[in-house]
Amino acid sequence: MQVSDIKKKASEMLLSGEVKRVIGWKKGEFDYDLTPATFESVEELEDFVYDGFCGANLSKYLIKESKKEGKTLVFMKPCDTYSFNQLLKEHRIVRDNVYVVAIDCEGKLDIDKIKSKGIKGILSVKEDGDEVIIDTIYGESKVVKGEVMLEKCLTCKSKEHVAYDESMAQGVENVSLDRFSEVAKLEAMTADERYEFWRGELSKCIRCNACRNVCPACSCVKCVFDNDASGVSAKSNANEFEESMFHIIRAFHVAGRCTDCGECSRVCPQHIPLHLINRKFIKDINTLYGEYQAGADVDSRGPLTNYTTDDLDPSDIFGGNK
Amino acid sequence: MKKISLSNISKLYEVISREYDLYAPIKKAGKVNFAKWTDGEEVVFNAQTVRSPKDMFFPQTMDLYSLKMQGKTVEVIDDRSETAPFVVFGVKPCDCKSFEVLDRVFLAEPVDTYYQNRREAGIIVGLGCSAPSESCMCASFGVDNTEPVADVKSYIVDGEMYLDAITDKGEKLLSLIAGLLVDADSTKVDEQKAKTKEINKKLPLQNLDMTRFTADNLNEIFNEEEWEGLSEACLACGTCTYVCPTCQCYDIRDFKTNDGVKRFRCWDSCMYSDFTKMSAGQPRNTQMQRFRQRFMHKLVYFPANNDGMYSCVGCGRCATKCPISMNIAKVIKKLGGKHND
């Protein structure tokens, strides 16, 4: 699968009038600062790119774009299709107005990880197999790709798409690590150690809401934290309690619906590993109600919205009072 | 000019912190931010802090006053706490410039006394740049990254920190640590400055064309169709505004306590849906309008009211932190002038 094939597909569909617009990634000032964008003409597609820095999940943009007149073509990586399904399940996307083309993903890069290796003055970033070659004004650097991939890609759920109208994917070998190993490490800590870990991380929060706004599961028209009438609206964390509670409440709200797309951690300017809170919920849900992957399909009932008389009480497994 | 070996620098922090609260770029949980120095903290000079040092003078939240109700009486309590003198160490030239921008806002009549108190109490130790990054745009905004404008300017060359007092406050600070410093000539510092200036020439965003951003072009730029495309992917998060050293908008809010109200102010963000919302409604209903406000403010409105001074210092934090990689450089290249390729 070549980028030129993807662009060709987009041009053809725009020219034939089958779609009115294309959602993809647009080139930036540097190799790494791509912006999600809509393209409405073949000329605009000049700036279309698909490479190692296309980590952004495009599914949430469909809430808005699918309500516009005419069809929207969207290119999706495997993990994006889980979010897409989940949004369909929640009736947030007009399915008939979307044409999904599945594309391969070999894991995306994290520019912050590259920079945290002391690499700056970056002029270009190129992938060469398992190596990433970075040209800077201070000289050339080479790093192993596995060391500079996005967190979400290190524990990739699957290289297979769960929704599409057409696939251009040729298949990529799945090389994911156990995504619950980091959660298990946290569970092994004492309560005090865990509290210290999270206080250290969450004290960095600037309450920019990037995690919430990028999250495909956070699709409320008006978030309770933005609603003056709610009594809990807030623009900043007044104290440690609020720093923690914002993220805990958010994690509860998306529990059972979070597909583990990892966008929350990708966009956090302070690199708080927010995905670990969500993963803890996913792990617990799996333990209590059986293996469940949000977004794997559009029809099943979610574990937290479905009640059966066989449901366990959390105390049966985790102890404590009923 | 004086100098001290970096191997001895924690001694310097220790002496300063006996007299003042000392803030420095400190690495915690993997990220560098300005934080209060205590023994054993890791001070990092070669990275940009995520949050800017504006926090020191304009904190994200600040209590203003409280109202306490007892029966039919209301007591007004001034919650202000006058800030004790403090030192901010390792402030890069772009961030030093941001205080000049903030002064224009908060020290103009009517003076914001909360900010004024902190400005008077703060001693700033600037740090010259030696390895600027590709996202650095300071020169485009008239900042010389080899000349931090501060109370003391400092440079790190070959394992030594060179210090030079600029103001009386700076002299006072250096006299406190005089026992740790030795006299130095500026040869090595001058060499570093010349080298940094050469590096600047290779940086892609140090020479942006901003000729079009004038008050005369205000309406024309305001009505540009390009704003739609520039803002289309904006998530409406507040990252750019909260990491920005010059964004200064704030909101005043009330927190209901058991027996009254605590009134506080906190940073606001023009990216947020209730920005400048009034009883009559919301003047900027779409994200495009709010996005446009941010850049018009920095590049057109602010300079029109402040002798041509932009309210951007080119630190590049928005360029490195925006979740969708939209930033002021892209806006300038699209709308700033003919000479942006």
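Thresholds, definitions, all that
Residues numbered from 1 in each chain as written. Chains lettered and ligands numbered in written order. Predicted model: local features only at pLDDT ≥ 70, side-chain atom pairs only at ≥ 80, totals over all residues. Domains from an automatic or database assignment. Contact = placed C-beta atoms within 7 Å. Helix = DSSP H or I, 4+ residues; strand = E, 2+ residues; numbered from the N terminus. Nonpolar A, V, L, I, M, F, W, Y, C, P; charged D, E, K, R; others polar. Pairing = 2+ DSSP bridges. Axes fitted to C-alpha atoms, helices over the stretch in contact; angles between N-to-C directions. Buried ≥ 20, exposed ≤ 12 C-beta atoms within 10 Å, placed from the backbone. Expected span 1.5 Å × (residues − 1). Parallel < 35°, antiparallel > 145°, perpendicular 65-115°, else oblique. Left-handed = near helix turned anticlockwise from the far one by under 90°. Core = buried A, V, L, I, M, F, W, Y, C linked by C-beta atoms within 7 Å.

**Structural notes on the domain arrangement of chain B**
Residue and element names in this part refer to chain B.
Here is step 1: What the domain assignment reports for chain B is domain 1 (2–202) and domain 2 (215–335).
Here is step 2: The C-alpha-based centres of domain 1 and domain 2 are spaced at 25 Å.
Here is step 3: Opposite the 33 residues of domain 1 that make contact, domain 2 presents 27 residues.
Here is step 4: Where the side of domain 1 that touches domain 2 is concerned, the elements lending two or more residues are β4 (61–70) and α2 (93–106).
Here is step 5: When residues of the side of domain 1 that touches domain 2 are assigned to their parent elements, the largest contribution, nine residues, is made by β4.
Here is step 6: Grouping the amino acids of the side of domain 1 that touches domain 2 by side-chain chemistry returns 17 nonpolar, nine polar and seven charged.

**What about the pairing of strand β12 (residues 260–267) of chain B?**
Residues and elements named next belong to chain B.
Here is step 1: Inspection of the sheet shows β4 paired to β12 by seven bridges, in the antiparallel sense. In the strand pairing of β12, M62 is matched with R265.
Here is step 2: Between strand β11 (residues 250–257) and β12, which follow one another and run antiparallel, lie two residues.

**Some remarks on the sheet that holds strand β8 (residues 139–144) of chain A**
Residue and element names in this part refer to chain A.
Here is step 1: Taken in spatial order, the three strands line up as β6-β7-β8 in an open sheet, and their pairing is antiparallel. Where the open sheet ends on each side, the last strands, each with one partner, are β6 (122–128) and β8. With strand direction ignored, the average angle separating the axes of adjacent strands in the sheet is 20°.
Here is step 2: Inspection of the sheet shows β6 paired to strand β7 (residues 131–136) by six bridges, in the antiparallel sense. Directly across from K126, in β7, lies its bridge partner I133.

**Concerning unusual backbone geometry**
What is expected of a backbone is that most residues other than glycine have negative phi and most peptide bonds are trans.
Here is step 1: B:P110 follows B:E109 through a cis peptide bond whose omega is -5°.
Here is step 2: Tracing the backbone shows B:P110 in the loop between α2 and α3 (113–121).
Here is step 3: You will see that A:H91, though not glycine, has its phi angle at about 60°, which is positive.
Here is step 4: As for its placement among the helices and strands, A:H91 is situated in the loop between α3 (78–89) and β5 (98–102).
Here is step 5: Classification of A:H91 as exposed rests on a count of 8 C-beta atoms within 10 Å.

**Things to note about the domain arrangement of chain A**
Residues and elements named next belong to chain A.
Here is step 1: Split by domain assignment, chain A resolves into domain 1 (1–107 + 156–176), domain 2 (111–148) and domain 3 (178–317).
Here is step 2: A C-alpha centroid distance of 26 Å is found between domain 1 and domain 2.
Here is step 3: Domain 1 puts four residues into the contact, and the matching count from domain 2 is five residues.
Here is step 4: Class assignment for the residues of the side of domain 1 that touches domain 2 results in two nonpolar, one polar and one charged.

**Re the sheet that holds strand β10 (residues 182–183) of chain B**
Residues and elements named next belong to chain B.
Here is step 1: Read across the sheet, eight strands follow the order β3-β2-β6-β7-β8-β9-β1-β10 without closing on themselves; strand pairing throughout is mixed. Edge strands, defined here as strands with exactly one partner in the open sheet, are β3 (31–36) and β10.
Here is step 2: As paired strands, strand β2 (residues 21–28) and strand β6 (residues 86–91) are joined by three bridges and run parallel to one another. When the sheet's bridge partners are listed, D21 is paired in β6 with F86.
Here is step 3: In this fold helix α1 (residues 9–19) packs onto β1 (2–5), β2, β6 and β9 (160–165), with an angle of close to 135° to the strand it touches most, β2.

**With respect to the environment of B:K169**
Residues and elements named next belong to chain B.
Here is step 1: Tracing the sequence through the fold places K169 in helix α4 (residues 168–176).
Here is step 2: Exposure remark for K169: the 19 C-beta atoms within 10 Å place this residue in the partly exposed category.
Here is step 3: When the C-alpha positions of K169 and L22 are compared, they lie 15 Å apart, and in sequence the two are 147 residues distant.
Here is step 4: Beyond its immediate sequence surroundings of up to four residues, K169 is in contact with I123 and D151.

**As for α3(A)**
In an α-helix, one turn spans 3.6 residues; hence positions three or four apart end up facing the same way.
All names here are of chain A.
Here is step 1: Helix length check: α3, at twelve residues, gives a terminal C-alpha distance of 17 Å against a target of 16 Å (1.5 Å per residue), a fit within 8%.
Here is step 2: Judged by how many residues are buried, α3 sits mostly within the fold: eleven of twelve residues are covered.
Here is step 3: Of the positions making up α3, those classed as buried are P78, C79, D80, T81, Y82, S83, F84, N85, Q86, L87 and L88.
Here is step 4: Taken together, the buried residues of α3 touch α2 (61–65), β4 (72–76) and β5.
Here is step 5: Directly after α3, the chain includes H91, whose backbone phi takes a positive value near 60°.

**A short note on the packing of helix α9 (residues 240–254) of chain A against helix α11 (residues 275–289) of chain A**
All names here are of chain A.
Here is step 1: Two numbers describe how α9 lies on α11: the axes approach to 10 Å, and their chain directions differ by 40°. By the angle between their directions, the pair α9 and α11 is classed as oblique. α11 is crossed by α9, and the crossing has right-handed handedness. Residues H247, A251 and V254 of α9 lie in contact with α11, whose contacting residues are I277, N278 and F281.
Here is step 2: Taken together, the residues that form the contact of α9 with α11 break down as four nonpolar, two polar and no charged.

**A word on the nonpolar core**
Here is step 1: With 158 residues, the main nonpolar core has A:V74, B:Y23, B:V87, B:V88 and B:C138 as its most contacted residues.
Here is step 2: Apart from the residues within four sequence positions on either side, B:V87 is in contact with B:I16, B:Y20, B:L22, B:Y23, B:I123, B:V125 and B:L173.

**Here we look at the pairing of β11(B)**
Here is step 1: With eight bridges connecting them, β11(B) and β12(B) associate as antiparallel partners. Paired with B:K256 across the two strands is B:V261, which belongs to β12(B).

**Notes on the interface of chain B and chain A**
Here is step 1: Listed by partner, the interface residues are 38 residues for chain B and 33 residues for chain A.
Here is step 2: Of all the secondary-structure elements, those providing two or more residues to the side of chain B that touches chain A are β3, α5 (187–202), α8 (239–243), β12 and α11 (328–335) of chain B.
Here is step 3: Among the elements that take part in the side of chain B that touches chain A, α8(B) stands out by supplying three residues, more than any other.
Here is step 4: Per-class residue counts for the side of chain B that touches chain A are 18 nonpolar, nine polar and eleven charged.

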